[in-house]
Amino acid sequence: MPLLEVTGLSKRFGGFVALDGIDLAVAEGERVGLIGPNGSGKSTLVNCICGTLANETGTVRFAGQAVDGLLTHERTRRGMARSFQLPRPFATLTVAENLRVPLLYTVNARPGTRLAAADLDARCDELLALVALAGKARQLPRDLTQVEMRKLELARAMAAEPKLLIADESMAGLSQSEVDDIVNLLIQLNERGITIILIEHIMRAVMKFSQRLVVLVSGKKIADGRPDEVIRDPEVEKAYLGQ
Amino acid sequence: MQTRIFLLIAIAAAAVVFFAARWVGNDYVFFAGYTVLQFIVLATAWNILGGYTGYVNFGSAAFFAMGAYSTVFFHKFFQMPIPVLIVIGGVVSGVVGLGMGYLTLRLRGAFFAIATLALAVVLQTLVVNWDYVGGSRGAYIIRPAEIAWLGPYIQYLFLLMLALVVISLAIARGIERSQLGYGFATIRDDELAAEASGVPTLKLKLIATTISGALMGMAGAPFPYYIGYLQPSSAFGLEYAVNSIAMPMIGGTTSWVGPLIGAILLGSLQQLATVTISSAVNLLIVGLLLVGFVIIAPNGIVGLVQSWIRRSTK
């Protein structure tokens, strides 16, 4: 049984069809890359999966259960986490407090877990160490650099202890070595058993990361398979390079 | 600092205030002080919604008036001690707050603010046309001259409002340091990210509107006894809406100290101006100070002190 199963999902904004009958299944432990030209519906798909937007048709099933109609926070509690394309830290909270929020509201909200204050601090430290932000715990997000901000974004998603992590363009605007940094971090997280969907434009990162590649073009899925095969697909070449 | 210790300190401070006022030995101190205390409660209540979650409420006067009019209603219905009326006023305004939350919290920013303003107008219209509570004529409440164990009745009202100040400050401070406080802050910062982090934003916003509304209603409940004659235009007065926003803004909205400082400062200044210049100059003072602070110190006095400390430690 796949961890995430999207069937026949459509979303339109007025007359514009953003997503058109998307089917997507992601198995547990998989690393999936999702690519597509600008405006092809990648972020809309993420928003529909996470509940930020409501899809008109189709269903999203997560861990065997339909999650349609559930609010975003309810989906997060079930184990779906995301990072945002543009980092959206809680600006008035410190870096450590940013991570505390999902620990308090997601991890502690799950039945059977109740972290004491000391455990919370330990978890925060652990997460900060994982993304190499340990020295910045007491700073405000505005004092962070761009790459640190992206790492905070990922760490906050990770703090919710997700089964599935959706990283929406977490590397845009970063230098090559910073991109490698983040890719290695994501692979490391995957090795801990987290299923990851990576949405990215930087092909080098996508090719290094993905075990499977899905391509969206104007709201339709046009390819899904092994990365080296997918990028040689004539349909994909046409979408990216033109005729 | 533990909540219990905070409560003890707050009660001790309240006792000092009360006995200092008695020591002055002039009832006017209690009349003027009551107003300042009432504004501390209103400003603190406003800040729970406006400062912590970032939803600007322009309808404070409506919640205050709901508290005051529930007292008028129940006073005519059945004689009850004021503390009971305060609780009733709190419940009534809390329910109104919850209802307003349900209706309006899908709105954000300016649209939410406009909706709260509209709520105040709607409720005022209802009260004006409701004959049982006096309609546009207003309603009289004859307060007893004295209360046996304390002395003049105004001292009793002052004491009650002092208790409300302690309660509302304890609630605000408690929220700030709890999980709820973190949740409120995430709503203020970024609702989308808050939801993605598992924060049930709608539920939390409803909690905020309810607590905030209830405290405002509690502040309004003893008001008919204080003023003696309650009419819609005084209960729904512009000064309540303006002051409950201006005081936290001037003091600082991120902590419970801000509204306290802002209300003491602005409230006392207004009382002073009322006596020395005229009562009409009040809102002018508020307006000018608000403009000044928004430009010079957008994070209020607390923010000013914080950044000053940060600079001197660096």
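Given the structure is predicted, the values throughout are model-derived calculations rather than measurements. Each chain carries its own residue numbering, running from 1 in the written order of its sequence. Labels are handed out in written order, letters beginning with A for the chains and numbers beginning with 1 for the ligands. Side-chain atom pairs in this predicted model are given and counted only at pLDDT of 80 or more, local residue features only at pLDDT of at least 70, and totals for whole chains, interfaces and linings cover all residues.

Okay, the overall build of chain B next. Under the DSSP-based scheme used, a helix requires at least four consecutive residues in state H or I and a strand at least two consecutive residues in state E, with every element numbered from the N terminus. On a plain count of helices and strands, chain B comes out with 15 helices and four strands. For chain B, whose C-alpha radius of gyration is 19 Å, the value lies close to the compact-globule estimate of 20 Å for 314 residues. Overall, the C-alpha framework of chain B stretches about 55 × 45 × 40 Å when taken along its three principal axes. Buried residues are those with 20 or more other C-beta atoms within 10 Å of their own C-beta, exposed residues have 12 or fewer, and partly exposed residues lie in between; C-beta atoms are placed from the backbone. Across the 314 residues that make up chain B, the buried fraction comes to 48%. We call two residues in contact if the C-beta atoms placed from their backbones are at most 7 Å apart. When contacts within chain B are restricted to residue pairs at least 6 apart in sequence, long-range pairs at least 24 apart make up 77% of them. The quantity called the radius of gyration is restricted to C-alpha atoms. Its globule counterpart is 2.2 Å times the number of residues to the power 0.38.

To continue, consider the confidence of the model for chain A. Confidence of the predictor in every single residue is expressed as pLDDT, which spans 0 to 100. Averaged over all residues, the pLDDT of chain A equals 89, while 99% of them reach at least 70. Mean pLDDT across the secondary structure elements of chain A bottoms out at helix 9 (residues 234-241) of chain A, with 81, and peaks at strand 8 (residues 195-199) of chain A, with 94.

What follows is about the sheet that holds strand 6 (residues 80-83) of chain A. Residues and elements named next belong to chain A. Taken together, six strands build an open sheet; the order of strands is 6-7-8-3-9-10 and the sheet is mixed. Every other strand in the sheet has two partners, leaving strand 6 and strand 10 (220-225) as the edge strands with one partner each. Each strand axis lies, on average, 15° off the axis of its neighbour in the sheet, ignoring direction. Where strand 6 lies against strand 7 (residues 164-168), four bridges are found, and the strand directions are parallel. Here a strand pair is declared whenever DSSP counts at least two bridges between the two strands. All axes here are fitted lines through C-alpha atoms, helices being fitted over the stretch that makes contact, and every angle between N-to-C directions spans 0 to 180 degrees.

Right, let's get into unusual backbone geometry. Residue and element names in this part refer to chain A. In this structure, Ala 132 takes a positive phi of about 60° despite not being glycine. In this structure, Glu 169 is a non-glycine residue whose phi angle is positive, near 45°. Glu 169 gets classed as partly exposed once you count the C-beta atoms within 10 Å, which come to 19.

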